Amino acid sequence: MHKNDIISQLQRDILPLQGFKQPTGTPVRIGLGAVEDAFPNGCFPTGAIHEFIGTQPEHAAVSVGFMAGLLANLMKTGGVCVWVSTSRALFPPGLKTFGANPEHVIFIDLQKEKDLLWAMEEALKCEGLAAVVGEIQDMGFAASRRLQLAVEQSRVTGFLLRFGHRKPTANACVARWRITSLPSVQEDGLPGVGFPRWNVELLKIRNGKPGSWQVQWSAGCFQVIKEEKETIWLNASSQYGSAI
Amino acid sequence: MAKRFLSIWFRHLTTDWFTIRQPSLGTQPFVLAAVSHGRKVITAANAMAQNQGVRPLMAVADAMALLPGLQVMEDVPGLPLQLLNTLGGRCIRYTPITAIDPPDGLMLDITGCTHLWGGEQPYIHDMVTRLTTKGYHINASIADTVGAAWASARFGQPVAVLQPGAHLQAMLPMPPAALRLPAATCLRLQKLGLQSIGSFISMPRNVLRRRFGEELLLRLNQALGMAEETLTPLQQVEAYHERLPCLEPILTRTGIEIALQTLLDAICQRLQKEGKGLRQAVFKAHRLDGQVVQIAIGTKRATHNIPHLFKLFEINIASIEPAAGIELFVLEAPQVEEVPTLQESLWGSTPGLQQQALSDLLDRLAGKFGADKIHRYLPNEHHWPERSIKQAPSLGDKTDAAWQVTMPRPVQLMHKPEPIEVTAPIPDYPPMLFRHRGRLHKINKADGPERIEREWWLEEGPHRDYYHVEDTDGQRYWLFRSGHYTGNKPHQWFIHGYFA
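Treat the numbers as computed from the prediction; the structure is a model and nothing was measured.

## Notes on the overall build of chain A
Next, step 1: Looking only at helices and strands, chain A has six helices and nine strands in total.
Next, step 2: Residue burial in chain A is summarised as follows: out of 244 residues, 54% are buried.
Next, step 3: Of the contacts made within chain A by residues no fewer than 6 positions apart, 70% connect residues no fewer than 24 positions apart.
Next, step 4: Carbon and sulfur atoms provide 55% of the accessible area of chain A, an area that totals close to 11200 Å².

Encoded structure:
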């Protein structure tokens, strides 16, 4: 057997030990296109904790937007999402823009972060939920490990929104994302604001390949913008601009 | 079963209580007084003072003339009712249906209780001894009807048991006041020479009604057992409740958990048999020192699932302080509902708001943090952003209103719009620049305005012109101008939300 085959076979054997089950039947398509190649087994890891980081309120808004797109896919079959937070700014109708049904989101508004972790762990243990979202400032390694162990049992997908000025510490989350906004681009130079467009950075993914993509939300799904096409288009616009 | 009632009359309820608190008062005459119409009037007098001719409703000055050494104490308003409530609570050990009988009595429905004490005589003696050793002067009497027991306690022997059917004979020589009649009626009867119940009981009913009104007949019928009379118990007896007395006082958490499990098993078995489930449950622990500590739970749906209910209670078990020990556990289910029997599905239920796992989770969260922390929102038919959503009262609620998707709505909305400084080129154009929290944003692209009027039937104020703007960094905001542009007045711009 060739050495590379042995290594890839070993990697496949390690994945289930780390809590990544081999996708059975049809894997959950999250509609992320090229981004999905970065994930282990080439499919979005459900039953894992995803962490979104940022420092400003604008970062929180774009991360929530991107996450709402993921939620929409997870909740497609009528699933329920539990949203735990201490200071919630989410405007439920905004979720509808990204296809998630706000009526199926249950908000738990608590005062203390300690309570929040308890509630989140309880929710993550509850099989049958589509996703659990927690807005938390800070969390120790042990707490993140508890959450990760809970989801490995129940296969619920957890999202942590961590927006603050603290430097993100090491934790047991499977993926860490940073979403920042990009200027929207209107086709044919029309006036007004175009489709939401983000720079999606996958900073950390266990057993996957971190990377960075430009993603746009249009026509009810994610679209990954091809770099070459983008540059060509930008060149064209600059030429067009200079012509004026 | 023939009804039996016990009436207790506290002859000196309030003064006895004062004597218990200050034993030195027991050896001297004293009265309680309160100011009424500018003078001090006696509200209660103890036995020694009453023997010397001091009566309630006398002016204190008159009583002092009669008895120079009389001690006068301030009366406490509302004291008799308070005392009766406590004393009634102590009598619940004799019968579950204990009612207070203001101003100075208790009424107990003792039907079917006395055999536990070995008959009515030992029963009444036990009770009288217990209250007398406390320091109260009481009269007590057992009879077939509420009215007869009341009369016998106040106008008969201090401790009397009227045999079944003997109450009519016993009441004949009593004065009309024994029928619980108003003073005016008693006075009229007395003027007519009707000094005892026996003197008018055989008169034709229509004559009595014409002369003395309906009330005399009603009271007469009640005393003789011809009219129903109901008691309002101090504590409602729950239809679904289980008790677990302990041989030894319980002190440990493990002990409490075992007790809870045993009671839940018993109550859930009964509920399951009857096709019912509980919505609320109270777990009470009666401690040796007389205190009762309790924890309560509520569920979103009627259930008789023992592990789930146990988990709900488990969160709060730590708040039960055993102190000297717990001698009795009681589990009550005040709210019980029919539970629809569902066929158990083999492959797990379909995801959705109606699944059992979700309502169990929400019960646990509500048990720990309170139900007011859980929210779900439905669309509301208002354009004004703050009013465009409403809280859903329960998980099953649906609305005909649809989520508004034609105009862009931000994913994050501020609780209160924050004022910003803007530079706008000409009226009704989106701004070129705005400054928010010290940061300057240069606007590159903008959509709008979307005018949203304040609903005048709800509140008054200026309308809002909303703009969806994007700055040079690609961050998108929801801004609005409050009201119209007017030349001389400074216009108000606000930031209200963030787009993704």
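## Here we look at the nonpolar core
Looking at soluble globular proteins, one finds that nonpolar side chains tend to be buried together.
Next, step 1: In terms of nonpolar packing, the biggest core is built from 62 residues, with A:Phe52, A:Phe66, A:Trp83, A:Phe159, A:Trp177 and A:Trp198 touching the most fellow members.
Next, step 2: Sorting elements by how many residues they give to this core places helix α2 (residues 57-74) of chain A first, with eleven residues.
Next, step 3: Apart from residues no more than four positions distant in its own chain, A:Phe159 is found in contact with A:Phe44, A:His50, A:Phe52, A:Met67, A:Leu70, A:Leu71, A:Leu74, A:Met120, A:Ala131, A:Val132, A:Val133 and A:Gly134.
Next, step 4: If you look at the next biggest cluster of nonpolar residues, it comprises 32 residues, including A:Met120, A:Val156, B:Leu361 and B:Ile374.

## Description of the confidence of the model for chain B
Next, step 1: On average, residues of chain B score 87 in pLDDT, and 97% of them are at 70 or above.
Next, step 2: Averaged pLDDT values over the elements of chain B bottom out at 85 in strand β9 (residues 241-250) of chain B and peak at 93 in strand β1 (residues 5-10) of chain B.

## Here's the deal with the pattern of salt bridges
Charged atoms that come close allow side chains of opposite charge to pair.
All names here are of chain A.
Next, step 1: A full pass over the atoms with the stated rule returns 34 salt bridges over all chains.
Next, step 2: Of the charged contacts, one joins Glu51 and Arg162 as a salt bridge, the two residues approaching to 2.5 Å between their closest N and O atoms. Here the residue Glu51 occupies a position in strand β1 (residues 49-54), and Arg162 occupies one in strand β5 (residues 157-163), the gap between them amounting to 111 residues. Considered together, Glu51 and Arg162 belong to a single accessibility category, that of buried residues.
Next, step 3: Where salt bridges share partners, they join Glu51, Asp138, Arg162 and Arg176 into one cluster.

## A closer look at the packing of aromatic side chains
Next, step 1: For the coordinates displayed, the defined rule picks out 30 aromatic pairs over all chains.
Next, step 2: A ring pair is formed by A:Trp118 and B:Phe369, whose centres lie 5.7 Å apart and whose planes are at 80°; its orientation type is edge-to-face. Of this pair, A:Trp118 sits in helix α4 (residues 113-125) while B:Phe369 is found in helix α13 (residues 356-369), placing the two residues in two different chains.
Next, step 3: What makes A:Trp118 partly exposed here is its relative accessible area of 26%.
Next, step 4: We classify B:Phe369 as buried; its relative accessible area is 12%.
Next, step 5: The rings of A:Phe39, A:Phe44, A:Phe52, A:Phe66, A:Phe98, A:Phe159, A:Trp177, A:Trp198, A:Trp217 and A:Phe222 are connected pair by pair, giving a single aromatic cluster.

About the criteria used
Residues numbered from 1 in each chain as written. Chains lettered and ligands numbered in written order. Predicted model: local features only at pLDDT ≥ 70, side-chain atom pairs only at ≥ 80, totals over all residues. Heavy atoms only, no water. Helix = DSSP H or I, 4+ residues; strand = E, 2+ residues; numbered from the N terminus. Buried < 20%, exposed > 50% of the residue type's maximum accessible area, 1.4 Å probe, protein only. Contact = heavy atoms within 4.5 Å. Areas by Shrake-Rupley, 256 points an atom, 1.4 Å probe, with all protein chains shown as cover. Core = buried A, V, L, I, M, F, W, Y, C linked by side-chain atoms within 4.5 Å. pLDDT = per-residue confidence, 0-100. Salt bridge = Lys/Arg side-chain N within 4 Å of Asp/Glu carboxyl O. Phe/Tyr/Trp six-rings, centres within 6.5 Å; stacked < 30°, edge-to-face > 60°.

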